[in-house]
Amino acid sequence: MAVILIVEDDAFIRVIAEMMIEDWGYETLSASDVDEAMTLLRSSQKIDGLFTDIYLKAAVLGGCELAQQAIKLRPLLRVLYTTGNFVNDKMKSLFVEGTECLVKPYTQNQLKVSVEHMLAA
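All values reported here derive from a predicted model rather than from experimental measurement.

Participant: Summarise the pattern of salt bridges; cite the residues concerned and give the values.
Facilitator: Within the structure shown, the criterion is met by three salt bridges. Notably, a salt bridge pairs Lys104 with Glu8, separated by 2.8 Å at the nearest N-O pair. Of the two residues, Lys104 sits in the loop between β5 (100–103) and α5 (108–120) while Glu8 sits in the loop between β1 (3–7) and α1 (11–23), which places them 96 residues apart along the sequence. Assigned by exposure class, Lys104 and Glu8 land together as buried. Measuring nitrogen to oxygen at the nearest pair gives 3.6 Å for the salt bridge that ties Lys46 to Asp48.

Participant: Before we move on, can you summarise unusual backbone geometry with the specific residues and values?
Facilitator: The omega angle of the peptide bond from Lys104 to Pro105 is -5°, so this bond is cis rather than trans. In this fold, Pro105 is placed in the loop between β5 and α5.

Participant: Please set out the sheet that holds β1 residue by residue, giving values where relevant.
Facilitator: Judged by pairing direction, the sheet is parallel, and its five strands sit side by side in the order β2-β1-β3-β4-β5 without closing on themselves. Sheet topology places β2 (27–31) and β5 at the edges, where each strand pairs with a single neighbour. Averaged over all pairs of adjacent strands, the angle between their axes in this sheet comes to 20°, without regard to strand direction. Against the sheet, α1 touches β1, β2 and β3 (49–53), its axis set at about 165° to β2. Along the sheet face, helix α2 (residues 34–42) touches β1 and β2 and points at about 135° away from the line of β2.

Participant: Go over the nonpolar core with me, naming the residues and quoting the values.
Facilitator: Of all hydrophobic cores here, the largest spans 24 residues; its most connected members are Leu5, Val7, Leu41, Leu50, Leu66 and Tyr81. Looking at this core, the elements with two or more residues in it are β1, β2, α2, α3 (63–73) and β4 (78–83). Excluding anything up to four places from it in sequence, Leu5 contacts Leu29, Ser30, Ala31, Ala37, Leu40, Leu41, Ile47, Gly49, Leu50 and Phe51. Counting residues in each nonpolar core, the second largest holds 16 residues, with Met20, Trp24, Leu102 and Tyr106 among its members.

Participant: Outline the packing of aromatic side chains, listing residues and values.
Facilitator: The final tally for this structure, using the stated rule, is two aromatic pairs. With a centroid separation of 4.3 Å and an interplanar angle of 25°, the aromatic rings of Tyr81 and Phe95 are classed as stacked. Here Phe95 lies in the loop between α4 (89–92) and β5 and Tyr81 lies in strand β4, a separation of 14 residues in the sequence. You'll find Tyr81 and Phe95 in the same group, each marked buried.

Participant: Lay out the packing of α2 against α3 in plain terms, naming residues and giving numbers.
Facilitator: Contact geometry of α2 with α3 gives a least axis separation of 10 Å together with a crossing angle of 10°. With respect to α3, the axis of α2 lies roughly parallel. Here Val34, Ala37, Met38, Leu41 and Arg42 of α2 come into contact with α3, specifically with Leu66, Gln69, Ala70 and Leu73. Tallied by class, the residues present in the contact of α2 with α3 amount to seven nonpolar, one polar and one charged.

Participant: Outline α3, listing residues and values.
Facilitator: Each α-helix winds once per 3.6 residues, and so residues spaced three or four apart point in a common direction. Every buried residue belonging to α3 is among Gly63, Cys64, Leu66, Ala67 and Ala70, and all of these are buried. Seen end-on, α3 carries its buried residues on one side only, within an arc spanning 155°. Buried residues in α3 make contact with β1, α2, β3, β4 and α4.

Calculation rules
Residues numbered from 1 in each chain as written. Predicted model: local features only at pLDDT ≥ 70, side-chain atom pairs only at ≥ 80, totals over all residues. Heavy atoms only, no water. Salt bridge = Lys/Arg side-chain N within 4 Å of Asp/Glu carboxyl O. Helix = DSSP H or I, 4+ residues; strand = E, 2+ residues; numbered from the N terminus. Buried < 20%, exposed > 50% of the residue type's maximum accessible area, 1.4 Å probe, protein only. Pairing = 2+ DSSP bridges. Axes fitted to C-alpha atoms, helices over the stretch in contact; angles between N-to-C directions. Contact = heavy atoms within 4.5 Å. Core = buried A, V, L, I, M, F, W, Y, C linked by side-chain atoms within 4.5 Å. Phe/Tyr/Trp six-rings, centres within 6.5 Å; stacked < 30°, edge-to-face > 60°. Parallel < 35°, antiparallel > 145°, perpendicular 65-115°, else oblique. Nonpolar A, V, L, I, M, F, W, Y, C, P; charged D, E, K, R; others polar. Arc of directions from axis to C-beta.

Now the structure itself:
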């Protein structure tokens, strides 16, 4: 069973994403900010995928920087970004290579397809 770390500062969105992903048979871990996420990433906890918001409130580091640090710690980690904002080419240049971004609001099916694609990468 794959374990997905969800990093989302909006508690409602984070809980909904957790419920959907768990309904598909995956285990989830969650963090509301970069510090919580990095604590989990530095632990011995199994983590197969990182599903992170790009813009995290009150964060010096956002989701792109988090993903880059996470990949340094766990080179086999797969990443999926999300945002409610427009993603321009400058932002895409900060993405970990081979990753995608799921734009909010997303449907349950869009999330499922994106998570499956992330894990298959």
